[in-house]
Amino acid sequence: MEQGNRKTKWLVYTVMIGLIPILTRLMAWAVTKKGVVDIFSASDVIAFGLILQISNINEIEHIADPGRKWKTTQNGTSITLISLYCVLYTLVLIGSSVIETVALVVCAIALITASLLTSHSVLDKISASENQQMGEPE
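The paragraphs below set out a description of the structure included in this document. As the structure is a computational prediction, the values presented were derived from the model and not from experiment.

Calculation rules
Residues numbered from 1 in each chain as written. Predicted model: local features only at pLDDT ≥ 70, side-chain atom pairs only at ≥ 80, totals over all residues. Heavy atoms only, no water. Helix = DSSP H or I, 4+ residues; strand = E, 2+ residues; numbered from the N terminus. Expected span 1.5 Å × (residues − 1). Buried < 20%, exposed > 50% of the residue type's maximum accessible area, 1.4 Å probe, protein only. Salt bridge = Lys/Arg side-chain N within 4 Å of Asp/Glu carboxyl O. Phe/Tyr/Trp six-rings, centres within 6.5 Å; stacked < 30°, edge-to-face > 60°. Lys NZ or Arg CZ within 6 Å of the ring centre and 35° of its normal. 1 Å grid on protein atoms, 1.4 Å probe; cavity = no way out; pocket = protein on both sides within 12 Å on 5 of 7 lines; lining within 4 Å. Points joined across faces, edges and corners; volume = space filled by probe spheres on them.

Turning next to helix H4 (residues 68-94). Over its 27 residues, H4 runs 39 Å from end to end, which matches the ideal 39 Å to within 8%, given 1.5 Å per residue. Residues of H4 that are buried include every one of Trp 70, Gln 74, Asn 75, Ser 78, Leu 81, Tyr 85 and Leu 88, and no others. Gly 95 sits one or two positions beyond H4 and adopts a positive phi of about 110°.

Here you go:
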């Protein structure tokens, strides 16, 4: 599978599906009266991050020979980020009366950035592995 096709599938199947909670909230915000629905929620960002990390773990399992150290590092990173997302989600459930909502959103966005970077690393490794199997230069 060529690299462009892999990245297109990732954008459509992972990113677009992961953005459904955020896009749904934006649509609900747009059609409801002011103040009924918040335009942004940390829980939607957290869901997006969880989807990215679960996708990474799934992709890593399907690489022909990723290298043991790389696979361990990527899986460990994904599991760590999933754990951090779970902590943030628990804080969302506790409620805004005891947490600083803006700080929570900033943390969620920082984790999303880390998730996107790890996803990029996984996609690059998959592309390199596929090119190597097909005898193409990286």
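Bringing the pattern of salt bridges into the picture now. Counted by the stated rule, this structure contains two salt bridges. Across the pair Arg 25 and Asp 44 runs a salt bridge whose closest N-O atoms are separated by 2.4 Å. Taken as a pair, Arg 25 in helix H2 (residues 20-31) and Asp 44 in helix H3 (residues 42-61) lie far apart in primary sequence, 19 residues in all. On the accessibility criterion, Arg 25 (21% relative accessible area) is partly exposed. A salt bridge links Glu 61 to Lys 71; the shortest N-O distance between them is 3.6 Å. One end of the pair, Glu 61, is in helix H3; the other, Lys 71, is in helix H4, with 10 residues separating them in the sequence. For Glu 61, a relative accessible area of 45% corresponds to the partly exposed category. Classification of Lys 71 as partly exposed rests on a relative accessible area of 26%.

Our next topic: the packing of aromatic side chains. Scanning all chains against the criterion turns up zero aromatic pairs. Above the plane of the ring of Trp 70 lies Lys 125, whose end atom (NZ or CZ) is 5.5 Å from the centre.

Before going further, it helps to spend a moment on the layout of surface pockets. Roughly 200 Å³ of volume is contained in the largest pocket. Looking at the largest pocket, it is lined by 13 residues, and the ones nearest its centre are Asp 38, Ser 41, Ala 42, Val 92 and Thr 101. For the lining of the largest pocket, the elements supplying multiple residues, two or more each, are H3 and helix H5 (101-133). The leading source of residues in the lining of the largest pocket is H5, at three residues.

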